[in-house]
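Per-entry structural report
What follows is the residue order along each chain.
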Amino acid sequence: MPELPEVETVRRTLELAISKETISHVEAPYQKIITQDFKWFQEKIKNQTINRIDRMGKYLIFILDKDAMIIHLRMEGKFYIKSDEPLLKHEHIIFHFVSGKNLRYHDVRKFGTMTLLPLETYLDSEPLNRLGKEPKNIDMKAFYQNLHHRNITIKQALLDQHLIAGLGNIYVDETLFRSKIHPTRNTSSITKKEAEALIDSAKKVLEKAIELGGTTIRSYTSSLGVHGRFQNELMVHMKKGEPCPICGTTIIKMKVGGRGTYVCPNCQH
DNA sequence: CCCGTGCCCTGGCGGC
DNA sequence: TGCCGCCAGGGCACGG
């Protein structure tokens, strides 16, 4: 699923490909991706130019002339740029450009969302106003204090986008492994030193993953046929039954907060 | 406010 | 081989 590095890869690719394109019209074979009234959305976005593409956490943000389009790809959302090729089964939203090209949103699970908000207020509106800081910008003191004000597993905390933004299931497993912290540990038991180790590991993991274009596993390729290479750097995620790269103990899979979780039972405490 | 559960959705897989 | 049922999961609504 696209997490921060995959979304950043998509952002970079799209910005090169479609910034300065003007939207002539939008069609939506499956309208529910748009969280607002589609007729309203269609009228509002018409004739606006894509000036820039930003990202906050796992959200993509198209900066248009008057509005910002906030996009979440959820599990399997992808973008493709095409011209007059026939419409494929899972292409749900098509942005037609004045140039003749079009941008197609493809999403097998139909979980993705798109929302149009005014440039003046989108940062102060849901969902971005409640989004936590990314690991590279996080305030350590506030992060540590937040952990101690809560009573959940550290894995659930790292997945909570209000607490820290950008990590999903893959990078949380990798972050915890590299910090030698067990996913089921209660947030209130995390020491200051451990909190620092977590943020340090998260930064390094995300940075490396961005450098390698993200992680491509199963169907989770990013847009435009871009294949990431971070899957070669994974140490525990999807490694059930394999030896831990540090100690050789067999990696196990368990459920934590309802999520599939990979752990080295020897290295992580 | 805090936390757990269920929902959205469909392809792929295990079991028979 | 074919069919059935279940699983995956990010974010949010809802209920205790």
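Everything that follows concerns the structure shown earlier in this document.
Residues numbered from 1 in each chain as written. Chains lettered and ligands numbered in written order. Predicted model: local features only at pLDDT ≥ 70, side-chain atom pairs only at ≥ 80, totals over all residues. Heavy atoms only, no water.

1. Comments concerning the protein's contact with DNA strand B
In the vicinity of DNA strand B, the residues found are Tyr30, Lys32, Lys89, His90, Val108, Arg109, Lys110, Phe111, Arg150, Asn151, Ile152 and Gln156. Among atoms of DNA strand B positioned within 4 Å of the protein, sugar and phosphate together represent 67%. Within the side chain of Lys110, an N or O atom sits 2.5 Å from a phosphate oxygen of DNA strand B. Residue composition of the surface near DNA strand B, by class: 4 nonpolar, 3 polar and 5 charged. (Near = heavy atom within 4 Å. Polar contact = N/O pair within 3.5 Å; in protein donor to acceptor, adjacent residues only side chain to side chain. Nonpolar A, V, L, I, M, F, W, Y, C, P; charged D, E, K, R; others polar.)

2. Here's the deal with the sheet that holds strand S1 (residues 23-27)
Pairing is antiparallel across the open sheet formed by 4 strands, whose spatial order is S1-S6-S7-S5. Of all the strands in the sheet, the pair left with one neighbour each is S1 and strand S5 (78-82). With direction set aside, neighbouring strand axes in the sheet form an average angle of 20°. Both S5 and strand S7 (residues 102-106) contribute to a ladder of 5 bridges, which runs antiparallel. Bridge pairing in S7 places Lys78 opposite His106. In the packing of helix H1 (residues 4-18) onto the sheet, contacts are made with S5, strand S6 (91-97) and S7, and the angle to S5 comes to roughly 20°. (Pairing = 2+ DSSP bridges. Helix = DSSP H or I, 4+ residues; strand = E, 2+ residues; numbered from the N terminus. Axes fitted to C-alpha atoms, helices over the stretch in contact; angles between N-to-C directions. Contact = heavy atoms within 4.5 Å.)

3. Here we look at the pattern of salt bridges
Evaluated as defined, the whole model comprises 18 salt bridges. The salt bridge partner of Arg104 is Glu91, with a shortest N-O separation of 2.9 Å. Residue Arg104 is located in strand S7, and its partner Glu91 is located in strand S6; the two are separated by 13 residues in the primary sequence. According to the relative accessible area criterion, Glu91 is buried, its value standing at 1%. Connected via shared salt-bridge partners are Glu8, Arg11, Arg12, Glu15, Arg55 and Glu134. (Salt bridge = Lys/Arg side-chain N within 4 Å of Asp/Glu carboxyl O. Buried < 20%, exposed > 50% of the residue type's maximum accessible area, 1.4 Å probe, protein only.)

4. A short note on unusual backbone geometry
Note the cis peptide between Glu126 and Pro127, where omega equals 0°. By the element assignment, Pro127 lies in the loop between strand S8 (113-118) and helix H3 (140-148). At Lys180, a position not held by glycine, the phi torsion is positive, near 60°. Turning to its location among the elements, Lys180 is positioned in the loop between helix H5 (169-179) and helix H6 (192-211). One non-glycine residue, Met238, lies in positive phi territory at about 70°. Looking at the secondary structure, you find Met238 in the loop between H6 and strand S9 (252-256). By relative accessible area, which is 32% here, Met238 ends up partly exposed.

5. Quick look at the pairing of S9
Here S9 pairs with strand S10 (residues 259-263) via 5 bridges, running antiparallel. Directly across from Ile252, in S10, lies its bridge partner Val263. Counting the residues that bridge the hairpin from S9 to S10 gives 2 residues, and of these Gly257 lies at a positive phi of roughly 60°.

6. As for the protein's contact with DNA strand C
Around DNA strand C, a shell composed of 15 residues is seen, among which His72, Arg74, Arg109, Gln161 and Lys255 lie nearest. Backbone atoms, meaning sugar and phosphate, make up 68% of the atoms of DNA strand C lying within 4 Å of the protein. In this structure, a phosphate oxygen belonging to DNA strand C sits 3.0 Å away from a side-chain N or O atom of Asn169. For the surface near DNA strand C, the class distribution of residues is 5 nonpolar, 5 polar and 5 charged.

7. Some words on a positive patch on the surface
Together, Lys240, Lys253, Lys255 and Arg259 make up a region of like positive charge exposed at the surface. On the secondary structure map, Lys253 appears in strand S9. What makes Lys253 partly exposed here is its relative accessible area of 45%. (Patch = residues over 30% accessible without salt bridge, like charges linked within 9 Å, V, L, I, M, F, W, Y side chains within 5 Å. Areas by Shrake-Rupley, 256 points an atom, 1.4 Å probe, with all protein chains shown as cover. Lys, Arg positive; Asp, Glu negative; His and termini not counted. Charge placed at Lys NZ, Arg CZ, Asp CG, Glu CD.)

8. Concerning the sheet that holds strand S3 (residues 59-63)
Spatially, the 4 strands line up as an open sheet ordered S2-S3-S4-S8, and their pairing is antiparallel. Each of the sheet's edge strands pairs with one partner strand only, and the pair in question is strand S2 (52-56) and S8. Pairwise comparison of adjacent strand axes, ignoring direction, gives a mean angle of 25° for this sheet. Sheet analysis places S2 next to S3, joined by 5 bridges and oriented antiparallel. The residue bridging Asp54 from the neighbouring strand is Ile61, located in S3. H1 contacts S2 and S3 of the sheet and is inclined by roughly 175° relative to S2. Helix H2 (residues 38-45) contacts strand S4 (67-72) and S8 of the sheet and is inclined by roughly 55° relative to S8.

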